[in-house]
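Here are the chains, one letter per residue:
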Amino acid sequence: PRPRPPHLHREITRHGRIAWYVRIGNGPRTRIHAEYGSPEFAAAYQAAIAGKAAPGPTKFNARTLGWLIVQYRDSIAWAKLSGATRRQRESILRAISRTAGNEPISRINTAAIEKGIDRRTNRPHAARHLLQTMRGMFQWAVKAKHAGNDPTKDLKTIRPPTDGHHVWTDEECATFEARWPRGTRERLAFDLLLYTGLRRGDAVRLGRPHVKNSIASIRTEKTGEVVTIPILPPLQASIDAGPIGELTFICGDHGRPMKKESFGNWFREVCKKADVPGSAHGLRKAGATRAANNGATEAQLEAIFGWRGGGMAALYTREANRVKLAREAATKLLTERDANIYSRTLASGAGKKSKKTTKSKT
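Rules used throughout
Residues numbered from 1 in each chain as written. Predicted model: local features only at pLDDT ≥ 70, side-chain atom pairs only at ≥ 80, totals over all residues. Heavy atoms only, no water. Pairing = 2+ DSSP bridges. Helix = DSSP H or I, 4+ residues; strand = E, 2+ residues; numbered from the N terminus. Core = buried A, V, L, I, M, F, W, Y, C linked by side-chain atoms within 4.5 Å. Buried < 20%, exposed > 50% of the residue type's maximum accessible area, 1.4 Å probe, protein only. Contact = heavy atoms within 4.5 Å. Lys, Arg positive; Asp, Glu negative; His and termini not counted. Salt bridge = Lys/Arg side-chain N within 4 Å of Asp/Glu carboxyl O. Axes fitted to C-alpha atoms, helices over the stretch in contact; angles between N-to-C directions. Parallel < 35°, antiparallel > 145°, perpendicular 65-115°, else oblique. Nonpolar A, V, L, I, M, F, W, Y, C, P; charged D, E, K, R; others polar. 1 Å grid on protein atoms, 1.4 Å probe; cavity = no way out; pocket = protein on both sides within 12 Å on 5 of 7 lines; lining within 4 Å. Points joined across faces, edges and corners; volume = space filled by probe spheres on them. Arc of directions from axis to C-beta. Polar contact = N/O pair within 3.5 Å; in protein donor to acceptor, adjacent residues only side chain to side chain.

**Some remarks on the sheet that holds strand β5 (residues 215-219)**
Part 1 of the reasoning: With respect to topology, three strands assemble into an open sheet ordered β4-β5-β6, the strand pairing being antiparallel. Each edge of the sheet is formed by a strand with only one pairing partner; in this case those strands are β4 (211-212) and β6 (226-230).
Part 2 of the reasoning: Relative to β6, β5 runs antiparallel, the two being bridged by five bridges. Each bridged residue has a counterpart across the sheet, and for I218 the counterpart in β6 is V227.

What follows is the structure in structure tokens.
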């Protein structure tokens, strides 16, 4: 559980929405309407504690963009978004409210959205997030009869070319393990990420309450899928060696749970100290790569990593199959005589390895 400021209470309304109140002792309740964790929320909380009137939200005339944003943030569609997505889009919508909140909804057309995208040409990720935010809001607005059309319908942004997070190699994993032995927080975090395949937001929540008979079950934060993962021996050894928290395996210096953002930054620094170019998400990709190379099917990968639709799982199995097929097809480049020599060489190497293994077992 995340530490909560004193006198702050959380309730679920009859519509299934979260409501926050400040109440000191048996005194009156003061509701906070801002998004939890935002600067506006902090200001309203401090005002309520001091007994002052909380700064209310900016008033917008009906049918303006600012009014639409307020309606959207109070909708079921907004409540269904993950916490991380809401925080990201909240900052975008807050900036839009300040700059264009008084604009009538009817004037927000495709050209207006394009101008916002063009202003972020040098920040392609920001441009893509802006379009996703506006598209989500206007798709809801059309269904709710607040807007006549979706101005983002025909717009697209170019995803920046990138290979994503660096996938850890086996050599880098060995280097990290040598730098951080079992019995350290660093090694526990490494083993938990690698041997569960969880995203950092789920990894920091995993703990004893999720484990029964050496099987961990947790509902993923991003997709809502429940993943069931056995606690493999390397991970169990790290858990036994500790240190772990009261409710979560990964914990801070004082044994308290960590936020995923803080954990990500901390783990990145840990990787630098181990002289490896890794990250928390890179270990998840390394686990998926390792599983695919060892013959895991798409269905098995989806069960482990909480994916849907087969797209992500197919990406890893396709890459593993390409490597396997390339090795098999490479012999087609040889002449028949060279192919026979190559086959005898492989057989000879396998025989030596088998004898060595037998001798070792004996």
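**Examining the nonpolar core**
Within soluble globular proteins, side chains that are nonpolar tend to cluster in buried spots.
Part 1 of the reasoning: One finds W168, F176, F190, F263, F267 and L283 to be the most contacted residues of the largest nonpolar core, which totals 35 residues.
Part 2 of the reasoning: In terms of residue count, the dominant contributor to this core is helix α8 (residues 185-196) (seven residues).
Part 3 of the reasoning: Sequence-distant contacts of W168, defined by excluding residues within four places in its chain, comprise C173, F176, F190, F267, C271, V276, G278, S279, G282, L283 and A286.
Part 4 of the reasoning: Judged by nonpolar contacts, the second largest core, of 25 residues, contains F60, A100, I105 and I113.

**Brief notes about the environment of A62**
Part 1 of the reasoning: Inspection of the secondary structure puts A62 in the loop between α1 (39-49) and α2 (65-73).
Part 2 of the reasoning: With a relative accessible area of 54%, A62 lands in the exposed category.

**A look at the side chain of E186**
Part 1 of the reasoning: Its location among the elements puts E186 in helix α8.
Part 2 of the reasoning: R185 provides the closest opposite charge to the buried, salt-bridge-free E186, at an N-O distance of 5.3 Å.
Part 3 of the reasoning: Leaving out residues up to four positions away in the same chain, E186 has contacts with F176, W180, W266, F267 and V270.

**So, the sheet that holds strand β1 (residues 8-12)**
Part 1 of the reasoning: In spatial order, the strands read β1-β2-β3; together these three strands make up an open sheet with antiparallel pairing. If you trace the sheet from one side to the other, it starts and ends with β1 and β3 (30-32), each paired once. Across the sheet, the mean angle separating the axes of adjacent strands is 35° when strand polarity is ignored.
Part 2 of the reasoning: When β1 meets strand β2 (residues 18-22), the two strands line up antiparallel, connected through five bridges. Residue pairing in the sheet places I12 in a bridge with I18 of β2.

**Remarks on the pairing of β5**
Part 1 of the reasoning: Alternating residues of β5 divide into A216 and I218, all buried, and I215, S217 and R219, none buried.
Part 2 of the reasoning: In this structure, β4 lies alongside β5, joined through two bridges in antiparallel fashion. By the bridge assignment for β5, V211 is matched with A216.
Part 3 of the reasoning: What sits between β4 and β5 in their antiparallel hairpin is a turn of two residues, with N213 showing a positive phi close to 55°.
Part 4 of the reasoning: Where β5 folds back on β6, the antiparallel hairpin that results is connected by six residues, among which G224 adopts a positive phi of roughly 80°.

**Looking at the packing of α2 against helix α6 (residues 124-143)**
Part 1 of the reasoning: Contact pair α2 / α6: the axes reach a minimum separation of 11 Å and the direction vectors enclose 85°. Taken as axis vectors, α2 and α6 run roughly perpendicular relative to one another. Residues L65, L68, I69, Q71 and Y72 of α2 form the contact with α6, whose own contacting residues are G136, M137, F138, W140 and A141.
Part 2 of the reasoning: In the contact of α2 with α6, the residues fall into eight nonpolar, two polar and no charged.

**Describing empty space enclosed by the protein**
Part 1 of the reasoning: Summed over all chains, the structure comprises one cavity of 30 Å³ or more.
Part 2 of the reasoning: Within this model, the largest cavity holds a volume of roughly 30 Å³.

**Quick look at helix α5 (residues 110-118)**
Part 1 of the reasoning: Listed as buried for α5 are I113, G116 and I117. Down the axis of α5, the buried side of the element spans an arc of 100°, and every buried residue falls inside it. Away from its buried face, by an angle of more than 90 degrees, α5 presents the exposed residues K115 and D118.
Part 2 of the reasoning: Buried-residue contacts for α5 involve α6.
Part 3 of the reasoning: The backbone nitrogen of A111 has a side-chain oxygen 3.3 Å away, supplied by the residue at the start of α5, namely N109.

Interpretation note: all reported values are geometric properties and have no functional meaning in isolation.
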